[in-house]
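So you can see what is in the structure, the chains are spelled out below.
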Amino acid sequence: MSLIGKKVSEFKVQAYHNGEFKEVSNKDFEGKWAAFVFYPADFTFVCPTELADLADHYAEFQKEGCEVYSVSCDTHFVHKAWHDTSDSIKKIQYPMLADPTGKLARDFEVMIEEEGLALRGSFIVNPQGEIKAYEVHDNGIGREASELLRKLRAAKFVAEHGEVCPAKWQPGSETIKPSIDLVGKL
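Computed from a predicted structure; not experimentally measured.

Asks: Help me get a handle on the overall build of the protein chain, residues and values and all.
Replies: Check the secondary structure of the protein chain and you find five helices and nine strands. Along its sequence from the N terminus, the protein chain presents helices and strands in the succession β-β-β-α-β-α-α-β-α-β-β-β-β-α. Taking 2.2 N^0.38 as the reference for a compact globule, 186 residues should give roughly 16 Å; the C-alpha atoms of the protein chain span a radius of gyration of 17 Å, in line with that estimate. Here the C-alpha coordinates of the protein chain stretch approximately 55 × 30 × 30 Å along the principal axes. Out of the 186 residues belonging to the protein chain, those deemed buried represent 48%. Total accessible area on the protein chain is roughly 9700 Å²; 52% of this is exposed by carbon and sulfur atoms. Where the 22 positive side-chain charges of the protein chain centre and where its 30 negative ones centre are 4 Å apart.

Right under this line is the structure:
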């Protein structure tokens, strides 16, 4: 079953953000775009490469009015320790959500129950709290932040203009106005 259109459930979790522990809930992104990026665990191998790539693109997500949340089943204490010891993770300015109970991972359907870890899942959530795009990988396959950013921009364009975005669409590229006259002609 698809998660497209599913509303994110209410939640409250601890986070490590900008040198502080803080509480984050679904109320924090109401009325805004959000990107949730689940990863298996802190102090691992592929995860820091992905989160550093996301950190390198964070300003672009912010320009789009989108908050980024990384999420693992670690605690906020582990996020701080990782941030303090890893040069890659020190670059992170977005909130690192702690999900030690796996509630968020289960809600987004990325929990690996027998391992107590999350799959690599990226989710774009609209201002109404609905999932508009997502991608889930095996944990050995890293993701690219620029593709998540492209999908965010496409989701925003579709929501604002009612047109659709073809493959490889980038802002400023041609879009398609759905019409019966186009059927079979593309």
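Asks: Just give me the short version of the sheet that holds strand S5 (residues 96-98), but keep the residues and values in it.
Replies: Within a sheet, adjacent strands bond to each other through the backbone by hydrogen bonds, running parallel or antiparallel. The strand order across the open sheet built from seven strands is S2-S1-S5-S4-S3-S8-S9, with neighbouring strands paired in mixed fashion. Looking at which strands have only one partner, the edges of the open sheet turn out to be strand S2 (20-25) and strand S9 (131-137). The sheet shows a mean angle of 25° between the axes of neighbouring strands, direction not considered. The pairing of strand S3 (residues 33-38) with strand S8 (residues 120-125) spans five bridges and is antiparallel. When the sheet's bridge partners are listed, alanine 35 is paired in S8 with isoleucine 124. Most of the contacts of helix H2 (residues 76-85) go to strand S1 (residues 12-17), to which it runs at about 15°, and overall it touches S1, S2, strand S4 (66-72) and S5.

Asks: Lay out the side chain of glutamate 67 in plain terms, naming residues and giving numbers.
Replies: Summarising the element assignment, glutamate 67 is placed in strand S4. One buried charged residue, glutamate 67, remains without a salt bridge, the closest side chain of opposite sign being lysine 32 at 6.8 Å. Side chain to side chain, glutamate 67 and tyrosine 58 meet in a polar contact 2.6 Å long. Apart from residues no more than four positions distant in its own chain, glutamate 67 is found in contact with Trp33, Ala34, Ala35, Tyr58, Gln62, Tyr94 and Pro95.

Asks: Quick rundown of the pattern of salt bridges? Include the residues and the values.
Replies: Using the criterion set out here, one finds 13 salt bridges in the structure. Salt-bridge contacts for glutamate 50 lead to arginine 120; the nearest nitrogen and oxygen are separated by 2.6 Å. With glutamate 50 in helix H1 (residues 46-63) and arginine 120 in strand S8, the pair connects residues that are 70 residues apart, well separated along the chain. For the pair shown, glutamate 50 and arginine 120 are each scored as buried. Here lysine 151 ties to glutamate 135 by a salt bridge, and the two come within 3.4 Å at their closest N and O atoms. Of the two residues, lysine 151 sits in helix H5 (residues 145-161) while glutamate 135 sits in strand S9, which places them 16 residues apart along the sequence. For lysine 151, a relative accessible area of 22% translates into the label partly exposed. Via salt bridges that share partners, Glu60, Glu64, Arg153 and Lys156 belong to a single interconnected network.

Asks: Account for the UniProt feature "active site" (unreviewed entry) in the protein chain, with residues named and values stated.
Replies: Here the UniProt-annotated "active site" (unreviewed entry) positions come out as Cys47. Relative to the helices and strands, cysteine 47 is located in helix H1. Residues in contact with cysteine 47, not counting those within four places in the same chain, are Tyr39, Pro40, Ala41, Trp82 and Arg120.

Asks: Lay out the environment of isoleucine 112 with the relevant residues and their values.
Replies: On the secondary structure map, isoleucine 112 appears in strand S6 (residues 111-112). Along the backbone, isoleucine 112 and alanine 167 are 55 residues apart, and their C-alpha atoms lie at a distance of 31 Å. The residues contacting isoleucine 112, other than those within four sequence positions of it, are Leu117, Ala118, Leu119 and Asn139.

Criteria and thresholds
Residues numbered from 1 in each chain as written. Predicted model: local features only at pLDDT ≥ 70, side-chain atom pairs only at ≥ 80, totals over all residues. Heavy atoms only, no water. Helix = DSSP H or I, 4+ residues; strand = E, 2+ residues; numbered from the N terminus. Rg over C-alpha atoms; globule rule 2.2 N^0.38 Å. Buried < 20%, exposed > 50% of the residue type's maximum accessible area, 1.4 Å probe, protein only. Areas by Shrake-Rupley, 256 points an atom, 1.4 Å probe, with all protein chains shown as cover. Lys, Arg positive; Asp, Glu negative; His and termini not counted. Charge placed at Lys NZ, Arg CZ, Asp CG, Glu CD. Pairing = 2+ DSSP bridges. Axes fitted to C-alpha atoms, helices over the stretch in contact; angles between N-to-C directions. Contact = heavy atoms within 4.5 Å. Salt bridge = Lys/Arg side-chain N within 4 Å of Asp/Glu carboxyl O. Polar contact = N/O pair within 3.5 Å; in protein donor to acceptor, adjacent residues only side chain to side chain. UniProt positions renumbered as here; feature names shortened; annotations may be inferred.

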